[in-house]
Amino acid sequence: MGACLGVCSLLSCVSCLCGSAPCLLCGCCPSAKNSTVSRLLFTFFLFLGTLVSIIMIIPGVEKELHKLPGFCEGSGTVLGVQSHVDCRSFLGHKAVYRMGFAMAAFFCLFALLMVCVRSSKDPRAALQNGFWFFKFLVLVGITVGAFYIPDGVFTSVWFYFGVVGSFLFILIQLILLIDFAHSWSQRWLHNAGESSAKGWYAALCTVTFIFYAASIAAIALLYVYYTKPQGCTEGKALISINLILCLIVSVVSILPKIQEAQPHSGLLQASLITLYTIYVTWSALANVPTQSCNPTLLVRNSTSTGSATATELPTTWWDAPSIVGLVIFILCTLFI
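Residues numbered from 1 in each chain as written. Predicted model: local features only at pLDDT ≥ 70, side-chain atom pairs only at ≥ 80, totals over all residues. Heavy atoms only, no water.

Moving on, we come to the nonpolar core. One broad rule of soluble globular proteins: the nonpolar side chains tend to lie buried together. In this structure, L177, W184, V207, F211 and L268 are the most contacted members of the largest nonpolar core, which totals 15 residues. The residues touching L268, leaving out its near neighbours within four places in the chain, are A181, W184, S185, L204, V207, T208 and F211. (Core = buried A, V, L, I, M, F, W, Y, C linked by side-chain atoms within 4.5 Å. Buried < 20%, exposed > 50% of the residue type's maximum accessible area, 1.4 Å probe, protein only. Contact = heavy atoms within 4.5 Å.)

In this section: the UniProt feature "transmembrane region" (unreviewed entry) in the protein chain. As annotated by UniProt and renumbered to match this structure, "transmembrane region" (unreviewed entry) occupies residues 42-61, 97-117, 129-149, 155-178, 199-225, 237-255, 267-285 and 317-335. Between the C-alpha atoms that bound residues 155-178 there is a distance of 34 Å. The span itself is 100% helix and 0% strand. Across residues 237-255 one finds 84% helix and 0% strand; the C-alpha atoms that close the span lie 27 Å apart. (UniProt positions renumbered as here; feature names shortened; annotations may be inferred. Helix = DSSP H or I, 4+ residues; strand = E, 2+ residues; numbered from the N terminus.)

Let us look at the packing of aromatic side chains. Taken as a whole, this structure holds 23 aromatic pairs when the rule is applied. With centroids separated by 6.3 Å and ring planes inclined at 50°, the aromatic side chains of F44 and F45 adopt a geometry described as tilted. By way of ring pairs, the aromatic residues F42, F44, F45, F106, F107, F110, W132 and F136 are connected into one cluster. Geometry around W132 places K135 over its ring, the cationic atom sitting 3.7 Å from the centre. (Phe/Tyr/Trp six-rings, centres within 6.5 Å; stacked < 30°, edge-to-face > 60°. Lys NZ or Arg CZ within 6 Å of the ring centre and 35° of its normal.)

Applying the stated criterion across every chain, the model contains 1 disulfide. Across a sulfur-sulfur distance of 2.0 Å, C232 and C293 are joined as a disulfide pair. Measuring the twist about the S-S bond at about -95°, one finds the C232-C293 disulfide to be left-handed. Pair noted here: C232 is in the loop between α8 (198-226) and α9 (233-252) and C293 is in the loop between α11 (267-285) and α12 (320-335), with a separation of 61 residues, a long-range link. (Disulfide = S-S within 2.5 Å.)

It is worth spelling out α12 at this point. Compared with an ideal rise of 1.5 Å per residue, which puts 16 residues at 22 Å, α12 spans 23 Å between its outermost C-alpha atoms and is within 8% of the ideal. Taken together, the buried positions of α12 are occupied by P321, G325, I328, F329, C332 and T333. For α12, the angular spread of the buried residues around the axis is 130°, confining them to a single face. Those residues of α12 that are exposed and aimed more than 90 degrees away from the buried face are L331 and L334. (Expected span 1.5 Å × (residues − 1). Arc of directions from axis to C-beta.)

So, on to the side chain of S271. If you trace the backbone, S271 turns up in helix α11. You can call S271 buried: its relative accessible area is 0%. Once you skip the residues sitting within four places of it in the chain, S271 turns out to touch T208, F211, Y212 and S215.

With that out of the way, let us pick up helix α7 (residues 154-195). Here α7 contains 42 residues, and its C-alpha end-to-end distance of 60 Å stays within 8% of the 62 Å for a straight helix at 1.5 Å per residue. Turning to α7, its buried residues are F154, T155, S156, W158, Q173, L176, L177, A181, W184, S185, W188 and A192.

With that settled, consider the packing of α7 against α8. Two packed helices can be described by the angle between their axes and the distance between those axes. Contact geometry of α7 with α8 gives a least axis separation of 8 Å together with a crossing angle of 155°. By the angle between their directions, the pair α7 and α8 is classed as roughly antiparallel. Facing W184, S185, W188, L189, N191, A192 and S195 of α7, the residues of α8 in contact are W200, Y201, A203, L204, V207 and F211. Partitioning the contact of α7 with α8 into residue classes produces 10 nonpolar, 3 polar and no charged. (Axes fitted to C-alpha atoms, helices over the stretch in contact; angles between N-to-C directions. Parallel < 35°, antiparallel > 145°, perpendicular 65-115°, else oblique. Nonpolar A, V, L, I, M, F, W, Y, C, P; charged D, E, K, R; others polar.)

Here it is in structure tokens:
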């Protein structure tokens, strides 16, 4: 009897996985909309892929990837750049490339299937809001297949896709941050106008001051740690140009013409964008391949010289800019 009840319960769960999105909540939130829960579940898939990518570059996992065929065959490049570094030192990154390819293929597939779908009444909307068990199987199948793609030109080609995609990703994050700061400023100014309390204005000024203070401190640290009195010209130029652009954005945000067009525009938005720009600058400087200009350079074991006396330096799989970027990515995704 217990076995029969267990089988019935399992079948009900399977049917739920094949049904509409709110059904997955198993009655906990019966009022949830299809579109809302679908967004949450697709976001979960995105976070799941990100988590798997992070796991792939953990040294213990990375060492096991050499058992998969094709990762280091037919390619004289590492991450799209000609190099004499041992390919085995970058297996984790190559695995992340394949995971990113699988995620991109999965979401592009559903983006194409949903072209011109404007409501849940469209027959194709059932593909968007249901069949989650099969969607998960499709994602797993694409991912497994991606790991058997021979290296060849795949890494080089996907490297340039990543360059373009990361550029677009930064632009989208900027737009989301501006939207977030604008909504934040508008809400606090509205509260201040309704209650006639100066506390809201004080809070707005305090947050803006904190953002600018953090930006100034970060710029000073970038000059100290990522530049030298002699040399590191590219780093100095990058920091200085972004600093000038941030000053221009801050001045433009309070011009009368801008205030007429956007009454809620102000220094809060500019301060947040300034802080994000400094983060992007830091991320770029942290990837400069010169040890003298980048004290946080990630070091990986190299067999470029083939010398037996080569120093075995510890392999590092994460850095602070990556962690901060991951947090910003998660917050922006949740904001969407």
